[in-house]
Amino acid sequence: MMNNSGKMWFLIGALALALPFGGAASYAADIQERSIKLGIGLAEDHPQGMGIKRFAEIVDKKSGGKMKVKNYFSGAIGDDVKMVSALQGGVQEMTIPSTAPLVGMIKEFGIFDLPFLFNSEQEVDAVLDGPFGQKMLERLPAKGLVGLCYWENGFRQLTNSRRAVTKADDIQGLKVRVMQNPAYLDVFNGLGANAVPMAFTELYTALETRTVDGQENPIPTIQSSKFNEVQKYLSLTRHTYSPFAVLVSKKFWDKLSGDEKKILQDACIEGRDYERKLARDGNARILEELKNSGMQVSEVPPAELARMREKVKPVVEKYSKEFGEDLYKELQAEIAKARKS
Ligand code: TK8
């Protein structure tokens, strides 16, 4: 039994613990000790890597130090596909893959891989952060995953070790690694490449040993994965925009209280704004650094981009049907709305 002064000290002690971490609100909240393993494919100095460090700090702070996020970088605990299945199995709590590797499981996510959909980041944000993006995330729980929000991988650019690609025909015959889904494969074959699907974790070696000639990824990824060491030519094609989906294991999510869920949800949004800003503010500087490191950077004239678009038209038609014509129309309508505003 506690006496009165014991009770008082107990209360003061509890308050002293709660106050530095946001005061009365977190004192009242239903938060338990949680440990969250979060793995990504990219390196620590990529905006995504810095984003997950920030995410961990936010979760720590909001939970009064109870929820701990432990980060793993550079595919240290598996590639995207492997980590997604670890989430489904409940042996890993979080990962943030590009949406493309999810397509084997939820084919509709392939809609984001259709080339030349988005023109600007403003359109991207409007669609992903709006009802369309949300609707896509709602497909995840049926597969044992919960999607919190979208971060930025970015507009993808083509690199290779053989020749400067400045026109559509230059892609002809290049062996290009693509993300692991059939739409991506067909798009690059449609552009004239020999497309080779491969996990991102194997890509550096494949480029180094010239198992493939090229690959395509956003500028920050090309740098943080050091592809400039093994790729001479970079073409500014912006052919697709890759979102990152912030995923939580549903098995883990279902154990969380409302307060704990809200912490992760809010931290996803704060982390997103931070990560997107880093990626976007860094693009021009990183491109300069890539040039200075010896990469030859080529612009691709609008007329040639239009030819590329023309070449892949049949692929887009085929897959927009496969992913659902209504879904595709809805996406187009959302983009058109964003374009006007
Ligand atoms: C990182 C991947 C990567 C993606 C790819 O895990 O596979 O090319 O762009 O960033 O998600």
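Further up the page is the structure itself.
Residues numbered from 1 in each chain as written. Predicted model: local features only at pLDDT ≥ 70, side-chain atom pairs only at ≥ 80, totals over all residues. Heavy atoms only, no water.

A.B. asks: Residues and numbers for the packing of aromatic side chains, please.
C.D. replies: Taken as a whole, this structure holds 9 aromatic pairs when the rule is applied. Look at Phe-109 and Phe-112: their rings are 6.3 Å apart centre to centre, the planes differ by 45°, and that puts the pair in the tilted class. For the pair shown, Phe-109 and Phe-112 are each scored as buried. Measuring from centroid to centroid gives 6.2 Å for Phe-112 and Tyr-150, while their planes differ by 75°, and the two rings are edge-to-face. Note that Phe-112 is positioned in the loop between strand S3 (94-95) and helix H5 (121-128) and Tyr-150 in strand S4 (residues 145-155), a separation of 38 residues in sequence. Across this residue pair, the class does not change: Phe-112 and Tyr-150 are buried. In textbook terms, an aromatic cluster arises when at least three aromatic residues are bridged by ring pairs, as seen for Phe-109, Phe-112, Phe-132 and Tyr-150. For the cation-ring pair, Lys-70 lies above Tyr-72, with the distance from its terminal atom to the ring centre recorded as 5.1 Å. Just above the ring of Phe-155 sits the side chain of Arg-238; from NZ or CZ to the centre is 4.0 Å. (Phe/Tyr/Trp six-rings, centres within 6.5 Å; stacked < 30°, edge-to-face > 60°. Buried < 20%, exposed > 50% of the residue type's maximum accessible area, 1.4 Å probe, protein only. Helix = DSSP H or I, 4+ residues; strand = E, 2+ residues; numbered from the N terminus. Lys NZ or Arg CZ within 6 Å of the ring centre and 35° of its normal.)

A.B. asks: So what's going on with the pairing of strand S10 (residues 241-249)? Residues and values would help.
C.D. replies: Along S10, 9 of the 9 residues are buried, which leaves the element largely enclosed by surrounding structure. Neither face of S10 is exposed, since Tyr-241, Pro-243, Ala-245, Leu-247 and Ser-249 on one face and Ser-242, Phe-244, Val-246 and Val-248 on the opposite face are all buried. Pairing geometry for S3 and S10, over 2 bridges, is antiparallel. Within S10, the residue paired with Met-94 across the bridge is Val-248. (Pairing = 2+ DSSP bridges.)

A.B. asks: Before we move on, can you summarise the site of the ligand with the specific residues and values?
C.D. replies: Taken together, Gly-41, Leu-42, Asp-80, Ser-98, Asn-153, Arg-156, Arg-177, Met-179, Phe-200 and Asn-217 make up all the residues around the ligand. Within the contact set of the ligand, an oxygen atom lies 2.8 Å away from a side-chain nitrogen or oxygen of Asp-80. Arg-156 is positioned such that a nitrogen or oxygen atom in its side chain is 2.9 Å from an oxygen atom of the ligand. For the ligand, whose unbound accessible area comes to 300 Å², protein coverage reaches 99%. (Near = heavy atom within 4 Å. Polar contact = N/O pair within 3.5 Å; in protein donor to acceptor, adjacent residues only side chain to side chain. Areas by Shrake-Rupley, 256 points an atom, 1.4 Å probe, with all protein chains shown as cover.)

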